[in-house]
Amino acid sequence: MALVLTGLLAFFVPRALWAVILLFVCSRVRSFREMTPADAAGLLRRNAVYLVLPGYALLTSFWAIEPEAAAKSALKFLFYVPLGILVVFVAQRVPDATRTRLFVWSGAGLCVALIAVLIDVAAEGGLSIHFRSSLKFAHIYNRGAAVLACIVLPNVVALWRTGHRFLPAALTGLAAITIFVLASEAAKLAVVCAAIVLVLVCRFPGMFRAVVALALISIVAMPALFASPASDRALCSLSKYQFSAVHRVLIYEFSVRTILERPVVGWGMNSSRSVPNGKARAYLPECDFPDVRRGRLDMGQLMPLHPHNGALQTWLELGAIGIVLLTGTLGLMLYRAARRAAREDLGLVAGVFTSGFIIFNTSFGMWQSWLWFAAILTCAYLTLALRERRPPNG
């Protein structure tokens, strides 16, 4: 029952999420023993299209600012995608009775992890200080909150369907309290939007296509949203409500200017950290607020390692070609998931996609290993939670 470790690792050692994936795959060795050569060939043929994007990412290392670092990141990406395909393949072949046990163990593990996190927050780091240190205790659980926002929905839905009532209710309550106690605004936004989308698409299944289309269009159009610089008045007004958001807007605007220099092929894989002028300082304009000292405030670098937005980072590094491949890949994945899932599960697919979309586009670097391991686990949870579409007469 490897999935019992997901919560604890997500919050306390997120880089070790690969261990959950490894244990899960190893626990289902029977799936590979039952494969015939024809099955393996069919699996490769059906999923080869997913390798085009990482393959192009590897190609961009030839013109990247730091070719060696770009090739290294691309090769990791080229590993993550087949790993995700493998995990989904295994999850599809888990028997229904085993799925129930997996979700019970996973739900229990998540509850234990969330209780530990809440105790640690109440003790101001009294637990976590023994095995890691951080100058920003309020933010050390941001990664765990992001993972939780992505995986809590399939866990709760699957547990509820098994007939359990206390465990999904406890998981829902603990997850909500934890996410809103922690500092991650991205996780808060993700879990709220995912819940809304789940309810809407469950009530109106036809909205599934609209949700997917809106997300894919926003990926393509993301640079247009920040093509015109925000006025000083707008930035000053924003700083009154969310001071850090001003820096994020300035990062996005700089990203768009940099994208426009190489819009078709991009700057190369993982080049965000080294683009020209990226280390220049971003300043808040002079704002006349009683609680803010006069004069421009230094907000930090214009490009602190990455744009904190997956769509803009893809545009910046892989260009329009990468964006076409990314949206095509996501569209194909969602089409296949919707075709396989029962109609009443379209809301769950849309909700999980919404949470992942928000997490990837509001906070973290696109190519961080822990984030891709979290995405793979999310795909596994969603696959395990879905009920397959039945024939009309069956």
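Our subject is the structure that appears above.
Small disclaimer: the values here were computed from a predicted structure and weren't measured.

Parameters and conventions
Residues numbered from 1 in each chain as written. Predicted model: local features only at pLDDT ≥ 70, side-chain atom pairs only at ≥ 80, totals over all residues. Heavy atoms only, no water. Helix = DSSP H or I, 4+ residues; strand = E, 2+ residues; numbered from the N terminus. Rg over C-alpha atoms; globule rule 2.2 N^0.38 Å. Buried < 20%, exposed > 50% of the residue type's maximum accessible area, 1.4 Å probe, protein only. Contact = heavy atoms within 4.5 Å. Areas by Shrake-Rupley, 256 points an atom, 1.4 Å probe, with all protein chains shown as cover. Lys, Arg positive; Asp, Glu negative; His and termini not counted. Charge placed at Lys NZ, Arg CZ, Asp CG, Glu CD. Core = buried A, V, L, I, M, F, W, Y, C linked by side-chain atoms within 4.5 Å. Expected span 1.5 Å × (residues − 1). Arc of directions from axis to C-beta. Axes fitted to C-alpha atoms, helices over the stretch in contact; angles between N-to-C directions. Parallel < 35°, antiparallel > 145°, perpendicular 65-115°, else oblique. Left-handed = near helix turned anticlockwise from the far one by under 90°. Patch = residues over 30% accessible without salt bridge, like charges linked within 9 Å, V, L, I, M, F, W, Y side chains within 5 Å. Salt bridge = Lys/Arg side-chain N within 4 Å of Asp/Glu carboxyl O. Phe/Tyr/Trp six-rings, centres within 6.5 Å; stacked < 30°, edge-to-face > 60°. Lys NZ or Arg CZ within 6 Å of the ring centre and 35° of its normal.

> What exactly am I supposed to notice about the overall build of the protein here?
Helix and strand counts for the protein come out as 16 helices and 2 strands. Relative to the 2.2 N^0.38 estimate, which gives 21 Å for 394 residues, the radius of gyration of the protein is 22 Å and therefore close to what a compact globule would have. Counting the 394 residues in the protein, one finds 52% classified as buried. Within the protein, contacts between residues separated by at least 24 positions form 77% of all contacts whose residues are at least 6 apart in sequence. Element-wise, carbon and sulfur atoms account for 65% of the exposed surface of the protein, whose accessible area totals about 19,000 Å². Taken together, the 37 basic and 19 acidic charged side chains of the protein have centroids lying 9 Å from each other.

> Even after reading the chapter, I still don't get the nonpolar core, so can you show me in this structure?
The nonpolar side chains of soluble globular proteins are, as a tendency, buried together. Ranked by size, the top nonpolar core spans 131 residues in total, and within it Phe24, Phe77, Leu348 and Ile359 carry the most contacts. The dominant element in this core, judged by the number of residues it contributes, is helix H8 (residues 142–161), at 13 residues.

> Whenever I open this one, the side chain of Thr354 confuses me. Can you help?
Tracing the backbone shows Thr354 in helix H15 (residues 346–360). Thr354 gets classed as buried once you look at its relative accessible area, which sits at 10%. Residues in contact with Thr354, not counting those within four places in the same chain, are Cys193, Ala194, Val197 and Val211.

> Would you mind showing me how to read helix H9 (residues 166–181) here?
Since the α-helix advances by 3.6 residues per turn, residues separated by three or four positions end up pointing in the same direction. Here H9 is 16 residues long and its end C-alpha atoms lie 22 Å apart, about the 22 Å a rise of 1.5 Å per residue gives. Of the positions making up H9, those classed as buried are Leu167, Pro168, Leu171, Leu174, Ala175, Thr178 and Ile179. Seen end-on, H9 carries its buried residues on one side only, within an arc spanning 135 degrees. Structurally, H9 contributes buried residues whose contacts are with helix H1 (6–12), helix H7 (96–122), H8 and helix H10 (185–203).

> What am I meant to see in the packing of H10 against H15 here?
The description of two helices packed together rests on the angle between their axes and the distance between the axes. In contact at an axis separation of 8 Å, H10 and H15 are set at 160 degrees when each is read in the N-to-C sense. Of the possible angle classes, the one that applies to H10 and H15 is roughly antiparallel. The chirality of how H10 crosses H15 is right-handed. Mapping the contact onto sequence places Ala186, Ala187, Leu189, Ala190, Cys193, Ala194, Val197, Leu198, Val201 and Cys202 in H10 and Leu346, Gly347, Leu348, Ala350, Gly351, Thr354, Ser355, Ile358 and Ile359 in H15.

> Please explain a nonpolar patch on the surface as it appears in this structure.
A cluster of nonpolar side chains, namely Leu59, Phe62, Trp63, Val264, Val265 and Ile321, defines an oily patch on the protein surface of about 550 Å² accessible area. Mapped onto the secondary structure, Val265 falls in the loop between helix H13 (243–259) and strand E1 (281–284).

> Sorry, what's going on with the side chain of Glu253 here?
As for its position among the elements, Glu253 is in helix H13. Those residues in contact with Glu253, other than ones at most four positions away along the chain, are Phe226, Ser228, Pro229 and Ala230.

> Quick question: what am I supposed to make of the packing of aromatic side chains here?
Within a pair of aromatic rings, the relevant descriptors are the distance that separates the centres and the angle that separates the planes. Taken as a whole and assessed by the stated rule, the structure comprises 14 aromatic pairs. When the centroid spacing of 6.3 Å and the interplanar angle of 55 degrees are considered together, the rings of Tyr56 and Trp63 count as tilted. For Tyr56, a relative accessible area of 9% puts it in the buried group. A ring pair is formed by Phe364 and Trp370, whose centres lie 4.9 Å apart and whose planes are at 90 degrees; its orientation type is edge-to-face. We note that Phe364, like Trp370, is buried. Here Arg262 stacks its cationic end above the ring of Trp267, 4.0 Å away from the centre of that ring.

> Is there a simple way to explain unusual backbone geometry in this structure?
Glycine aside, a negative phi is what most residues show, and trans is what most peptide bonds show. The phi angle at Asn277 is positive, at roughly 70 degrees, despite the residue not being glycine. Looking at where Asn277 falls in the secondary structure, it is placed in the loop between H13 and E1.

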